[in-house]
Amino acid sequence: MGKKILIADDHSAIRIGIKQICAGEFAAVQFGEATSYAEVFQKLKDSDWDLLILDIDLPGRNGLDILKDIRADKMTIPVLVFSFHSEEQIAYRALKTGASGYLSKDAADTELVKAINHIFNGRKYITQELSEKLLYMIDDSQAKEPHELLSEREYQTFIMIASGKTVGEIADELFLSKPTVSTYRARILEKMHLKNNAEIMSYAIGQKLM
């Protein structure tokens, strides 16, 4: 029997590309597609899947929140996070949250096939380059960068502010109140010793987090 892969990404070109790559490498593979948080969980409830390929920026909820909810619901589906974001930051948080692997959308087709094969065989997957970056990050002897001091929710808010989103837009996307988002923003500024949104944007660009 062929494998069943659920692709969660709101960009049709990405979904089509993944299907084309997988169809040529895996026999009798079946695909499902989801473009939002609600669709992901509906598809997960409607059928059993061998793998979820998850974009980190789905409309409605962040991919890390989706990962948390999957694990909270005791779902055992392996998840490969597929993102354009800075590898080490998103990968570190995704793996801590229960992902089976992380891969940049800039990776070669062969890397995606390799990642899927690893996960189908019950193993986790990250690239060699990423593993070296993560080892550096978790080395307690190394001084942490300011953004590494943020909690997961603070970092999520930080990235959204850096991308130009308003407090109201962030509140809507994360299903939080505006005062709560404002509190996260205040903590970010305090922890990172920044003064305003412009400095958040400048820092994110300088650190290549966007």
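Because the structure is a prediction, the values reported are computed rather than measured.

Rules used in this analysis
Residues numbered from 1 in each chain as written. Predicted model: local features only at pLDDT ≥ 70, side-chain atom pairs only at ≥ 80, totals over all residues. Heavy atoms only, no water. Helix = DSSP H or I, 4+ residues; strand = E, 2+ residues; numbered from the N terminus. Buried < 20%, exposed > 50% of the residue type's maximum accessible area, 1.4 Å probe, protein only. Core = buried A, V, L, I, M, F, W, Y, C linked by side-chain atoms within 4.5 Å. Contact = heavy atoms within 4.5 Å. Salt bridge = Lys/Arg side-chain N within 4 Å of Asp/Glu carboxyl O. Pairing = 2+ DSSP bridges. Right-handed = clockwise from strand over helix to strand, strands pointing away. Axes fitted to C-alpha atoms, helices over the stretch in contact; angles between N-to-C directions. Phe/Tyr/Trp six-rings, centres within 6.5 Å; stacked < 30°, edge-to-face > 60°.

**Q** Please explain the environment of Thr 183 as it appears in this structure.
**A** Relative to the elements of secondary structure, Thr 183 occurs in helix α9 (residues 178-192). On the accessibility criterion, Thr 183 (38% relative accessible area) is partly exposed. Along the backbone, Thr 183 and Gly 60 are 123 residues apart, and their C-alpha atoms lie at a distance of 21 Å.

**Q** What's the story with the nonpolar core in this structure? I'm lost.
**A** Among soluble globular proteins, nonpolar side chains are generally buried collectively. Within the largest apolar cluster, 45 residues are counted, with the highest numbers of intra-cluster contacts made by Val 40, Leu 52, Ile 70, Val 81 and Phe 158. With six residues, the top contributor of residues to this core is helix α7 (residues 152-162). Ignoring sequence-local partners within four residues, the contact set of Val 81 consists of Leu 54, Ile 56, Leu 67, Ile 90, Ala 94, Ala 99, Gly 101, Tyr 102 and Leu 103. Grouped together as the second largest cluster of nonpolar side chains are 19 residues, Ile 18, Leu 51, Ile 53 and Leu 80 included.

**Q** Where do I start with the pattern of salt bridges in this structure?
**A** It is possible for side chains of opposite charge to pair when their charged atoms get near one another. Inspection of the entire model under this criterion finds nine salt bridges. Ionic pairing is found between Lys 105 and Asp 9, a salt bridge with its closest N-O pair at 2.7 Å. Of this pair, Lys 105 sits in the loop between β5 (101-104) and α5 (109-120) while Asp 9 sits in the loop between β1 (4-8) and α1 (12-23), and the two are 96 residues apart along the sequence. Taken individually, Lys 105 and Asp 9 each receive the classification buried, so the pair is uniform in this respect. Of the charged contacts, one joins Arg 15 and Glu 33 as a salt bridge, the two residues approaching to 2.5 Å between their closest N and O atoms. Remark: Glu 33 occurs in strand β2 (residues 30-34) and Arg 15 occurs in helix α1; sequence separation between them is 18 residues. Through salt bridges with shared partners, one network takes in Asp 9, Asp 55 and Lys 105.

**Q** Would you take a moment to explain the pairing of strand β3 (residues 51-55) for this structure?
**A** Consecutive residues of a regular strand have side chains that alternate between opposite faces of the sheet. Of all five residues making up β3, five are buried, and the element is well covered by its neighbours. On β3, burial covers both faces: Leu 51, Ile 53 and Asp 55 on one face and Leu 52 and Leu 54 on the other are all buried. Summarising the sheet, β1 and β3 pair through four bridges and their orientation is parallel. Bridging from a neighbouring strand, Ala 8 pairs with Leu 54 of β3. Where β3 lies against strand β4 (residues 79-83), four bridges are found, and the strand directions are parallel. By the bridge assignment for β4, Leu 54 is matched with Val 81. For the crossover that starts at β3, traverses helix α3 (residues 63-72) and ends in the parallel β4, the hand is right-handed.

**Q** Quick question: what am I supposed to make of the sheet that holds β2 here?
**A** Picture the strands of a sheet paired through backbone hydrogen bonds; they go either parallel or antiparallel. Sheet architecture is open: five strands sit in the order β2-β1-β3-β4-β5, paired in parallel fashion. Whereas interior strands pair on both sides, the edge strands pair on one side only; in this sheet they are β2 and β5. Direction aside, the axes of adjacent strands within the sheet are offset by 20 degrees on average. Of the strands in this sheet, β3 and β4 are in contact with α3, which crosses β3 at around 150 degrees. Lying over the sheet, α5 contacts β1, β3, β4 and β5, oriented at roughly 160 degrees with respect to β4.

**Q** Teacher, can you tell me more about the pairing of β2 here?
**A** Pairing geometry for β1 and β2, over five bridges, is parallel. Bridging from a neighbouring strand, Leu 6 pairs with Gly 32 of β2. With respect to chirality, the unit in which β1 leads through α1 into the neighbouring parallel β2 is right-handed.

**Q** For this particular structure, what's the right way to read the packing of aromatic side chains?
**A** For any pair of aromatic rings, the description consists of the separation of the ring centres together with the inter-plane angle of the planes. Enumeration according to the criterion identifies four aromatic pairs in this entry. With a centroid separation of 4.9 Å and an interplanar angle of 45 degrees, the aromatic rings of Tyr 37 and Phe 41 are classed as tilted. Of this pair, Tyr 37 and Phe 41 both sit in helix α2 (residues 37-46), four residues apart, which is roughly one turn of that helix. Judged by relative accessible area, Phe 41 falls into the buried class, the value being 7%.

Shape descriptors only; they carry no functional weight alone.
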